[in-house]
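Breakdown of the fold
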Amino acid sequence: MMTGHRGEKLGASMGSAVGGQFAGFGFKLKAIHVEGASEMATADILRAAAVYQDEPVIGMDLEAIRQRVEAVGWVKEARVVRLLPDTLVLAVVERRQLAVWQNGGRSYVIDETGRVIPEADPGRFATLPLIVGAGANEAAAAILPEVAARPRLAERTEALVRVDGRRWDLRMKDGSLVQLPAVDEGAALIQLEQLDQRSRILELGFERIDLRDPTVVAVRPRDGVLPGQLVANGA
């Protein structure tokens, strides 16, 4: 009997009317609870939900609210629950913040998949690792656990720089550089760890350690560091 969008319009109208009737019995929105979100994410989630005080609870489109919440960059997935007579629960799984990514003169917070979280202010995530360069966001999830597993190295690393979209340089806080190979970074970091155990090179300081050749660890010392203090081969 109904054609076009008349059925949808009539259904929406009836839902609104029913919601309005229940609102008269006290079924109006009084409280919204956001679960699973950090304090920084909560404000953006509430804004996206676009619900308002004293809105009829019965007439709410929970699926539309869920879709709006999941469009927020912080949110991996969301569930919306209506608790009568007057409460709405937004239960979310928040994306894990992995690193701050610098590229093209701008900084972003990324999650574990390399996706940018647009609402996140990089300035508020000073404790996250810093990665730099084109494609660094997509490759970071593989290298960051390798560095984090080595506390002596991690605490001295200022940034991980993606080179030519295929390998990493570790830029140290003292200005030195560790060059990693394009494949099997873990094995190269084991070599570095062994060298540090023998010579405490991370404490002595260096200009550059080249680990790109798996058969040789090439060390360029800084001025004032005696060559005999360094072990410069992979044996």
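Here goes a summary of the coordinates provided.

The rules we used
The residue count restarts for each chain, going from 1 along the sequence in the order it is written. Under the rules for a predicted model, residues below a pLDDT of 70 receive no local features and side-chain atom pairs below 80 are neither given nor counted, while totals for whole chains, interfaces and linings still include all residues. To get the side-chain values, all heavy atoms of the structure are used, and hydrogens and water are removed first. Helix numbers and strand numbers start at the N terminus; a helix is a DSSP run of H or I with at least 4 residues, a strand a run of E with at least 2. A 1.4 Å probe rolled over the protein chains alone gives each residue an accessible area, and that area as a share of the maximum for its type sets the label: buried under 20%, exposed over 50%, partly exposed in between. It only takes one pair of heavy atoms within 4.5 Å for two residues to be counted as in contact. One requirement defines pairing of two strands: DSSP has to find at least two bridges between them. Only the contacting stretch of a helix is used when fitting its axis, a line to C-alpha atoms as for every element, and angles between N-to-C directions run 0 to 180 degrees. Any angle that falls under 35 degrees is termed roughly parallel, while one over 145 is termed roughly antiparallel, one within 65 to 115 roughly perpendicular, and all others oblique. Put simply, a crossing is left-handed when the front helix is turned counterclockwise from the back one by less than a right angle, and right-handed when it is turned clockwise. Each residue is assigned to one of three groups, with Ala, Val, Leu, Ile, Met, Phe, Trp, Tyr, Cys and Pro labelled nonpolar, Asp, Glu, Lys and Arg labelled charged, and all others, Gly among them, labelled polar. In this scheme, the bend at a residue equals the angle between the axes fitted to the seven residues that finish there and the seven that begin there. Whenever a nitrogen or oxygen atom comes within 3.5 Å of another N or O atom, the pair is scored as a polar contact, on the condition that within protein one atom can donate a hydrogen and the other can accept it, and that pairs from neighbouring residues in sequence are kept only if both atoms are in side chains. Throughout this description, the term nonpolar core refers to a set of buried Ala, Val, Leu, Ile, Met, Phe, Trp, Tyr and Cys residues connected via side-chain atoms within 4.5 Å. Salt bridge, as applied in this entry: a Lys or Arg side-chain nitrogen positioned within 4 Å of an Asp or Glu carboxyl oxygen.

**Describing the overall build of the chain**
- In terms of helices and strands, the chain carries seven helices and eleven strands.
- The burial tally for the chain puts 39% of its 235 residues in the buried class.
- For the chain, the share of sequence-separated contacts (at least 6 apart) that also reach a separation of at least 24 residues comes to 49%.

**Re the sheet that holds strand 11 (residues 218-220)**
- What the eight strands build is an open sheet, ordered 5-4-6-7-8-9-10-11; its pairing is mixed. Edge positions in the sheet fall to strand 5 (106-111) and strand 11, since each has one partner strand and no second. Averaged over all pairs of adjacent strands, the angle between strand axes in this sheet comes to 20°, irrespective of strand direction.
- Two elements, strand 8 (residues 167-172) and strand 9 (residues 177-179), share three bridges in a ladder whose sense is antiparallel. Paired with D169 across the bridge in strand 9 is Q179.

**Quick word on the packing of helix 4 (residues 136-148) against helix 6 (residues 185-199)**
- Where helix 4 meets helix 6, the axes come as close as 10 Å, and the angle between the chain directions of the two elements is 20°. By the angle class used here, helix 4 and helix 6 are roughly parallel. Judged by the sense of rotation from one axis to the other, the crossing of helix 4 with helix 6 is right-handed. Residues I143, E146 and V147 of helix 4 pack against E185, G186 and L189 of helix 6.
- In terms of residue class, the contact of helix 4 with helix 6 is built from three nonpolar, one polar and two charged.

**Some thoughts on helix 4**
- The largest bend in helix 4 comes to about 45°, at A142, with the proline P145 one to four residues further on.
- Among the residues of helix 4, A136, N137, A139, A140, I143, L144 and V147 are the ones counted as buried.

**Brief notes about the pairing of strand 2 (residues 75-83)**
- When strand 2 meets strand 3 (residues 87-94), the two strands line up antiparallel, connected through eight bridges. Note on strand 3: the bridge partner recorded for E77 is V93.

**Some thoughts on the sheet that holds strand 1 (residues 31-35)**
- In space, the three strands of this open sheet follow the order 1-3-2, with mixed pairing throughout. With one partner strand each, in any of the chains shown, strand 1 and strand 2 form the two edges of the open sheet. Going across the sheet, the axis of each strand differs from the next one's by a mean of 15°, ignoring polarity.
- The pairing of strand 1 with strand 3 spans five bridges and is parallel. Bridge pairing in strand 3 places E35 opposite A91.
- Sitting on the sheet, helix 2 (residues 39-49) touches strand 1, strand 2 and strand 3, and the angle it makes with strand 3 is about 125°.

**Description of the side chain of Q97**
- For Q97, the location among the structural elements is in strand 4 (residues 97-103).
- A polar atom in the side chain of Q97 sits 3.1 Å from the side chain of E94.
- Separated by 2.8 Å, the side chain of Q97 and the backbone oxygen of R95 make a polar contact.
- Those residues in contact with Q97, other than ones at most four positions away along the chain, are W74, V109, I110, I117, F125 and L128.

**Topic: the nonpolar core**
- One finds I131, L170, L180 and I209 to be the most contacted residues of the largest nonpolar core, which totals 29 residues.
- Going through the elements one at a time, strand 4, helix 4, strand 8, helix 6 and helix 7 (201-204) are the ones with two or more residues in this core.
- With residues near it in sequence (within four places) discarded, I131 still touches A99, V100, W101, Q102, I110, A136, N137, A140, L144, L160 and W168.
- Among the nonpolar cores identified, the runner-up in size contains 28 residues, and L29, A48, V80 and L90 belong to it.

**What to know about the pattern of salt bridges**
- Scanning the entire structure with this criterion turns up 16 salt bridges.
- Here D174 and R222 are joined by a salt bridge, their closest N and O atoms 3.4 Å apart. Of this pair, D174 sits in the loop between strand 8 and strand 9 while R222 sits in the segment after strand 11, placing them 48 residues apart in sequence.
- Of the residues examined, R222 reaches a relative accessible area of 30% and is grouped as partly exposed.
- Each of the salt bridges in this network shares a partner with another, and the network as a whole consists of R152, D196, R200 and E203.

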